[in-house]
Amino acid sequence: MIKSNKIPILFFIMNFLSIALSIIFAFSNTDSYFKYIALLPLFFTFISILNYKVYSAFFKKISITLIIICYYFRMVILPAVSSFYNFDSLIRNNNYLNSISHSVFLMIYEFFIVLFFCNIILKKNDNVEIKKNCKGKNEEIDFTKNKLVIFIVTILTLVLVLMIFLYPSFKSYFRFSFEGNINNINLANVNYFNMKNTIPKIIYWLTIYIINILQILIPISLLDIIYRKKINENKKFVLSIIIAILVVLISTPERARSIIISMSLLLLIIKLYQNKNKILIYLIIAICLFLMFGALIFKSGNSFSNTNLSSILQAYFSGVTNVSVTFLMPDRFNLKILFNDFCTSIPFFSAFFKNWDTSVKIFNNILYAKSGNSDQIIPMIGQGMYYFGVMLSPVISLISVNFAIKCEKKYEKTKNIYLKYLYIYMVIYLSVAPILYNGTILLQCFLQTFLPCLFIVKFSLKKVRKAS
């Protein structure tokens with residue numbers, strides 16, 4: 001943890017860089033469409049100063065730390081990177097350029113509302129509680145033997161193995177993060193597409209649902225088993241790190257989820273092995289973060305030599321170009337689309353309502369100029385504007401941030417290793433969601449992964465308590 005007296009230094013460095021970049025953008029940018037881009041880093045600093053208290057929880061609260069880092073990347077780092085590529089993007093509809101200035105002000109507005117909300121929440125919290133949670137003392141974690149969770153995981157794994165035996169094409173759902181050249185990636189994508197279209201829908205969605213649950217529960221079950229083993233602590237530590245790395249290296253098409261799971265495991269490992277050399281732990285975390293970033297950027301077979309980082313980062317981190325596309329979406333305040341988005345987020349429903357119009361489909365149709373692709377994520381702030389208008393556009397972001405802070409409280413209070421893991425998983429997911437995801441994906445995550453896993457763990461703990 002960074003000591004509190006270092007926070008002002010970090011605050012100064014971050015915002016000095018923001019102001020410097022803002023000045024550079026103001027004098028070097030010659031594109032009239034992007035003339036307001038300098039306001040993003042400038043207002044990041046201005047809003048940060050107005051809500052300075054939020055930075056008192058930086059590196060103390062996981063949720064606050066991730067929220068600030070994500071917005072800093074989006075409003076300061078991303079414009080700097082994109083400027084080197086003339087703000088190139090994957091967008092094929094050039095009408096988005098007329099909305100760039102609107103998207104800049106919308107992003108500034110969202111950041112102000114989110115940080116102001118975090119400021120209010122922190123003021124309500126007891127400062128003593130924040131200090132108490134950050135003293136670095138070994139935290140007692142409950143390792144109540146939970147055979148029922150491991151039994152359920154084993155049964156689900158056997159079901160998955162059976163499905164792969166009956167439908168071998170399911171193997172194409174699992175991928176290695178660094179798959180090599182673009183030809184291998186294209187072949188894997190073709191196999192994945194064929195798999196989705198040849199396997200019966202009910203079998204496909206049931207198996208994917210099981211995979212989603214196992215992807216969450218298998219790593220923590222292995223971590224639990226390793227920690228209980230009567231072996232050298234150094235071996236336990238190394239094996240635990242290997243599990244966290246394997247989660248990133250061997251993943252599903254939901255690459256970002258694998259990264260969040262790995263981050264959750266790393267945070268738990270830090271708590272479990274706090275007596276380890278801090279430099280070694282941070283070095284390992286840095287290596288893992290590098291692997292995570294590489295897995296995310298190179299998921300489409302790209303490399304730094306042939307990839308336009310601007311287009312990739314604008315898509316992943318809801319940059320100004322992607323946000324501007326949402327201003328072109330017709331029929332705002334459409335309750336039917338809101339209802340459709342909700343229904344298609346419910347497990348198994350999406351299999352029966354694939355032809356429904358959703359905000360994601362509309363966004364992609366405009367982005368690709370009616371090409372029919374649906375692989376780009378509509379920014380959360382843009383989706384909020386489409387549902388509720390400009391003034392209420394940060395509503396979904398506020399809901400995400402609010403639940404992130406609440407989940408972190410539960411994470412701090414609970415002692416059970418499984419519950420701690422699930423809550424920290426949701427803290428990370430909800431904290432990065434305003435930048436990386438949207439309301440539809442957030443609801444899918446809650447209903448298809450977190451809720452069933454939470455039910456399994458709580459049901460198992462209840463049975464263990466009754467037995468004891």
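Let us look at the structure shown here. All values reported here derive from a predicted model rather than from experimental measurement.

**Brief notes about the overall build of the chain**
Reasoning step 1: If you tally the helices and strands in the chain, you get 20 helices and two strands.
Reasoning step 2: Relative to all contacts within the chain whose residues are 6 or more apart in sequence, the contacts with residues 24 or more apart total 78%.
Reasoning step 3: For the chain, the accessible surface area stands at approximately 22,200 Å², while carbon and sulfur atoms represent 67% of it.

**Observations concerning the pattern of salt bridges**
Reasoning step 1: Taken as a whole and judged by the stated rule, the model has three salt bridges.
Reasoning step 2: Notably, a salt bridge pairs K61 with E412, separated by 3.0 Å at the nearest N-O pair. Note that K61 is positioned in the loop between α2 (39–50) and α3 (62–84) and E412 in helix α18 (residues 395–413), a separation of 351 residues in sequence. As far as burial versus exposure is concerned, K61 and E412 are alike and both buried.
Reasoning step 3: In this structure, D224 engages R228 in a salt bridge whose closest nitrogen and oxygen atoms are separated by 3.0 Å. Here the residue D224 and the residue R228 both occupy positions in helix α8 (residues 201–228), the gap between them amounting to four residues, near one helical turn.

**What about the side chain of S48?**
Reasoning step 1: Its location among the elements puts S48 in helix α2.
Reasoning step 2: For S48, the contacting residues outside a window of four places in its chain are F11, N15, Y55, F111 and L115.

**Some remarks on unusual backbone geometry**
Reasoning step 1: Here F59, not a glycine, exhibits a phi torsion of approximately 70°, which is positive.
Reasoning step 2: Mapped onto the elements of the fold, F59 is located in the loop between α2 and α3.
Reasoning step 3: Note on F59: relative accessible area 30%, which makes it partly exposed.
Reasoning step 4: One non-glycine residue, S318, lies in the positive phi region at around 50°.
Reasoning step 5: Topologically, S318 is positioned in the loop between α12 (309–316) and α13 (320–325).

**Quick notes on α3**
Reasoning step 1: Counted at 1.5 Å a residue, the expected span for α3 with its 23 residues is 33 Å, and the 32 Å between its end C-alpha atoms agrees.
Reasoning step 2: If you look at α3, its biggest bend is around 40°, right at I77, and the proline P79 turns up within four residues after that.
Reasoning step 3: Burial of α3 is extensive: 17 of the 23 residues sit out of reach of the surface.

**A short note on the nonpolar core**
If you look at soluble globular proteins, the nonpolar side chains tend to sit buried side by side.
Reasoning step 1: Counting residues in each nonpolar core, the largest one holds 133 residues, and the members touching the most others are F44, I68 and L217.
Reasoning step 2: Per-element tally for this core: the top contributor is helix α19 (residues 417–436), with 17 residues.
Reasoning step 3: Non-local contacts of I68, meaning those with residues more than four positions away in its chain, are made with M14, F44, V54, Y55, F58 and L115.

**Observations regarding the packing of aromatic side chains**
Reasoning step 1: One pass over the structure, following the stated rule, counts 23 aromatic pairs.
Reasoning step 2: When the ring of F170 is compared with that of Y204, the centres are 6.4 Å apart and the planes differ by 10°; the resulting orientation is stacked. Of this pair, F170 sits in the loop between α6 (147–166) and β1 (175–176) while Y204 sits in helix α8; the two residues are 34 residues apart in sequence, bridging distant segments of the chain.
Reasoning step 3: For the cation-ring pair, K236 lies above Y227, with the distance from its terminal atom to the ring centre recorded as 5.4 Å.
Reasoning step 4: Lying over the aromatic face of Y411, K420 brings its terminal NZ or CZ to 4.6 Å of the ring centre.

**Things to note about the packing of helix α4 (residues 100–124) against α18**
Reasoning step 1: Viewed as axis vectors pointing N to C, α4 and α18 meet at an angle of 30°, and their least axial separation amounts to 10 Å. Accordingly, the angle class assigned to the pair α4 and α18 is roughly parallel. Seen from above, α4 lies across α18 with right-handed handedness. Here E110, I113, V114, F117, C118 and I121 of α4 lie close against α18, whose contacting residues are S397, L398, V401, N402 and I405.
Reasoning step 2: Considered class by class, the residues forming the contact of α4 with α18 number eight nonpolar, two polar and one charged.

Procedures and definitions
Position labels on residues start from 1 in each chain and follow its written sequence. At least 70 in pLDDT is required for a residue's local features to be given in this predicted model, at least 80 for side-chain atom pairs to be given and counted, and no such filter applies to totals for whole chains, interfaces and linings, which use all residues. For the side-chain quantities, the full set of heavy atoms in the structure was used; hydrogens and water were omitted. Strands here mean DSSP runs of E at least two residues long; helices mean DSSP runs of H or I at least four residues long; both are numbered from the N terminus. Every residue pair with non-hydrogen atoms within 4.5 Å of one another is taken to be in contact. Note on areas: Shrake-Rupley, 1.4 Å probe, and residue coverage restricted to the protein chains presented here. Each reported salt bridge corresponds to a side-chain nitrogen of Lys or Arg within 4 Å of a carboxyl oxygen of Asp or Glu. Each residue is assigned to one of three classes by its accessible area relative to the maximum for its type, calculated with a 1.4 Å probe on protein chains only: buried under 20%, partly exposed between the two thresholds, exposed over 50%. Here the expected span of a helix is defined as 1.5 Å times the quantity of residues minus one. The angle between axes fitted to the seven-residue stretch ending at a residue and the seven-residue stretch beginning at it gives the bend at that residue. By nonpolar core is meant a set of buried Ala, Val, Leu, Ile, Met, Phe, Trp, Tyr and Cys residues that side-chain atoms within 4.5 Å join together. Pairing of aromatic side chains here covers Phe, Tyr and the six-membered ring of Trp, requires ring centres within 6.5 Å, and sorts the geometry by plane angle: under 30 degrees stacked, over 60 edge-to-face, intermediate tilted. Here, a charge over a ring means that NZ of Lys or CZ of Arg falls within 6 Å of the ring centre while also lying within 35 degrees of the ring normal. Axis geometry follows a simple rule: fit a line to the C-alpha atoms, using only the stretch in contact for helices, then measure angles between N-to-C directions, giving values from 0 to 180 degrees. By the definition adopted for this analysis, an angle is roughly parallel if under 35 degrees, roughly antiparallel if over 145, roughly perpendicular if from 65 to 115, and oblique otherwise. Working rule for handedness: look at the near helix, and if it is turned counterclockwise from the far one by less than a right angle, call the crossing left-handed; if clockwise, right-handed. All residues other than Ala, Val, Leu, Ile, Met, Phe, Trp, Tyr, Cys, Pro, Asp, Glu, Lys and Arg, Gly among them, are scored as polar; the first ten of these are nonpolar and the last four charged.

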